[in-house]
Amino acid sequence: MKIESAKLIVCSPDRNFVTLKIVTDEGIYGLGDATLNGRELAVASYLTEHVLPCLIGRDPFQIEDIWQYLYRGAYWRRGPVTMSAIAAVDMALWDIKGKALNTPVYNLLGGKSREGVLVYTHANGADIAEAVDSVQRHAAEGYLAVRAQSGVPGVASSYGVPKSGKPYEPAERGLPSESLWSTEKYLNFVPKLFDAVRKACGEDLHLLHDVHHRLTPIEAARLGKALEPYHLYWMEDPTPAENQDAFRLIREHTVTPIATGEVFNSFWDAHDLIRNQWIDYLRMTIVHGGGITALKKAADFAAVYQVRTGFHGATDLSPVTMAAALHFGLAIHNFGIQEHMPHTKLTDEVFPHAYTFNAGYMYPGDAPGLGVEIDEALAAKYPYQRAYLPIARKLDGTLTDW
Ligand code: GCO
Ligand code: MG
């Protein structure tokens, strides 16, 4: 079998997605996600101009060799654009191999290690009462793990809280919007939020919280300590992670579990965090981290240190990445939890898929390959629209981490 052609499908059914389709001379094709929220066309161009011409004629079964060819062969290494492009090719090749061998991708990764993939979803509210209500509604839908975010009094447009009654969506069409941030108000507020949520929801529900990279290490240590009575499943991205050593300080002060890595694009971004056991969950994602091939190596390294996976799964990762993450999570031994932020109905129509949700778990389904399709005619009705993630400023106007 040889790769005969490859093309990109850029569409915007409620939000932007970049999808790679690789077709073989035997008529089998594979899909890969190449979506990098707010920088979509950079990856599309990297693929069409520089990667796809090199794939034609290659054996799609040589997944490892093609991965090395695109990573080492470029000479210039890492970065979210490069690694998302490699990831898209990698996902499409695993999809092709599964279809060619008539088996789901989880079987190619070692087979089922569990029956279902535990997922968490997002709850949010403008204030504590709304946030508690939202957590309870998601628990009633069957979720066993819920991330809780709330508007912080005195801070307009807090992270994770939608502006209108719509579900929270990180990117917005048009130019970047600005949101406000106050560490002082946030730090005083969050323990009150989790006190209320725990009291209302009982001891058994797994609760998570995303700090979204906004605290210094010592501030994060204070938050982790203050949240200990509510035994969170994790505190996410407590501080930016360029300096991996920053997590040592947090770790020395709190037993609240720590998850990080959704913005990482290479195993090396996580290497010190894992080998020093400064984190509990690795949040890298298949689309931004170089694909299934790269993440399998990262997960196996993490397993040695009892670090588990907790992969990113926001709406900016397409159903193709979601499927890949579910096959991956079903197969690897050190799986922890998978984020599930459901896509809109329209997105699900553009990407019909075999995966399902039931009673707190997701299932990739038994279709060969990844089990996701793309309706190209429908996708063509929703062309790309420029969109950006917001930026954040402190109350005095200083630009800070969003
Ligand atoms: C999460 C996230 C996201 C990101 C988004 C950026 O934990 O789900 O932090 O909502 O902000 O994916 O594109
Ligand atoms: Mg996050």
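The name an unreviewed UniProt entry assigns to the chain is D-galactonate dehydratase family protein, from the organism Terriglobus albidus.

K.L.:
Outline the overall build of the chain, listing residues and values.
P.N.:
For the chain, the count of helices and strands is 13 helices and 18 strands. Against the 2.2 N^0.38 benchmark of 21 Å for 402 residues, the chain shows a C-alpha radius of gyration of 20 Å, consistent with a compact globule. Counting only C-alpha atoms and orienting by the principal axes, one finds that the chain spans roughly 60 × 45 × 40 Å. Counting the 402 residues in the chain, one finds 50% classified as buried. Of all intrachain contacts in the chain linking residues separated by at least 6 positions in sequence, the fraction that spans at least 24 positions is 72%.

K.L.:
Please give an account of the environment of Thr400 that cites residues and values.
P.N.:
For Thr400, the position within the fold is in strand E18 (residues 399-400). Thr400 sits in the partly exposed class, given 15 other C-beta atoms within 10 Å. Considering only alpha carbons, one finds Thr400 and Asp33, 367 residues apart in sequence, at a separation of 30 Å. Those residues in contact with Thr400 that sit more than four places away from it in its chain are Trp181, Arg214, Ala392, Arg393 and Lys394.

K.L.:
Describe in detail the nonpolar core, supporting the description with residues and values.
P.N.:
Counting residues in hydrophobic clusters, the biggest one holds 112 residues, and the most contacted among them are Val89, Met91, Val146, Leu207 and Ile279. When residues of this core are assigned to their parent elements, the largest contribution, eleven residues, is made by helix H3 (residues 80-100). When residues of this core are assigned to domains, at least three fall in each of domain 1 (3-104) and domain 2 (108-367). Excluding residues that lie within four positions of it along the chain, Val146 makes contacts with Tyr120, Thr121, Ala123, Val135, His138, Ala139, Leu205 and Leu207.

K.L.:
I'd like a rundown of the sheet that holds strand E2 (residues 17-24), residues and numbers included.
P.N.:
In spatial order, the strands read E1-E2-E3; together these three strands make up an open sheet with antiparallel pairing. The two strands at the open ends of the sheet, each matched to only one other strand, are strand E1 (3-11) and strand E3 (29-33). Between one strand and the next, the sheet's axes are offset by a mean angle of 20°, whatever the strand orientation. Relative to E3, E2 runs antiparallel, the two being bridged by five bridges. Residue Thr19 lies in a different strand from E3, and its bridge partner there is Asp33. Along the sheet face, H3 touches E2 and E3 and points at about 145° away from the line of E3.

K.L.:
How would you explain the site of ligand 1 if you had to name every residue and give the values?
P.N.:
In the vicinity of ligand 1, the residues found are Asn37, Pro170, Asp210, His212, Glu262, Ala314, Asp316, Glu339 and Leu389. In terms of residue class, the shell around ligand 1 is built from three nonpolar, two polar and four charged.

K.L.:
Describe in detail the domain arrangement of the chain, supporting the description with residues and values.
P.N.:
Examined at the domain level, the chain breaks down into domain 1 (3-104) and domain 2 (108-367). Relative to domain 2, the C-alpha centre of domain 1 lies at a distance of 26 Å. Of the residues lining the interface, 30 residues belong to domain 1; the matching set on domain 2 comes to 29 residues. Secondary structure elements with two or more residues in the side of domain 1 that touches domain 2: E2, E3, helix H2 (63-71) and H3. Ranked by the residues each element gives to the side of domain 1 that touches domain 2, the list is headed by H3, at ten residues. Classifying every residue of the side of domain 1 that touches domain 2 gives 14 nonpolar, nine polar and seven charged.

K.L.:
Could you give me a rundown of the sheet that holds E18, with the residues and numbers involved?
P.N.:
Pairing is mixed across the open sheet formed by three strands, whose spatial order is E7-E17-E18. Each edge of the open sheet is held by one strand with a lone partner, namely strand E7 (178-181) and E18. Bridging between strand E17 (residues 391-394) and E18 involves two bridges; their strand directions are antiparallel. Bridging across to E18, Ala392 finds its partner in Thr400.

K.L.:
Quick rundown of the packing of helix H5 (residues 128-140) against helix H6 (residues 183-201)? Include the residues and the values.
P.N.:
The N-to-C vectors of H5 and H6 enclose an angle of 40°; their axes lie 10 Å apart at closest approach. As the angle between them shows, H5 and H6 are arranged oblique. The crossing of H5 and H6 is right-handed. Residues Ile128, Ala131, Val132, Val135, Gln136 and Ala139 of H5 pack against Lys192, Leu193, Ala196, Val197, Ala200 and Cys201 of H6. Taken together, the residues of the contact of H5 with H6 sort by class into ten nonpolar, one polar and one charged.

K.L.:
Talk me through helix H1 (residues 40-55); I want residue IDs and the actual numbers.
P.N.:
The terminal C-alpha atoms of H1, which comprises 16 residues, lie 21 Å apart, in line with the 22 Å expected from a rise of 1.5 Å per residue. In H1, a bend of some 40° at Thr48 exceeds every other bend along the element. Turning to H1, its buried residues are Glu40, Val43, Ala44, Tyr46, Leu47, Val51 and Leu55. Buried residues along H1 sit against E1, E2, H2 and H3. Positioned one or two residues after H1, Gly57 has a phi angle of 90°, which is positive.

Scoring rules and cut-offs
- Residues numbered from 1 in each chain as written.
- Chains lettered and ligands numbered in written order.
- Predicted model: local features only at pLDDT ≥ 70, side-chain atom pairs only at ≥ 80, totals over all residues.
- Helix = DSSP H or I, 4+ residues; strand = E, 2+ residues; numbered from the N terminus.
- Rg over C-alpha atoms; globule rule 2.2 N^0.38 Å.
- Buried ≥ 20, exposed ≤ 12 C-beta atoms within 10 Å, placed from the backbone.
- Contact = placed C-beta atoms within 7 Å.
- Core = buried A, V, L, I, M, F, W, Y, C linked by C-beta atoms within 7 Å.
- Domains from an automatic or database assignment.
- Pairing = 2+ DSSP bridges.
- Axes fitted to C-alpha atoms, helices over the stretch in contact; angles between N-to-C directions.
- Near = placed C-beta within 6 Å.
- Nonpolar A, V, L, I, M, F, W, Y, C, P; charged D, E, K, R; others polar.
- Parallel < 35°, antiparallel > 145°, perpendicular 65-115°, else oblique.
- Left-handed = near helix turned anticlockwise from the far one by under 90°.
- Expected span 1.5 Å × (residues − 1).
- Bend = angle between axes of the 7 residues up to and from the residue.

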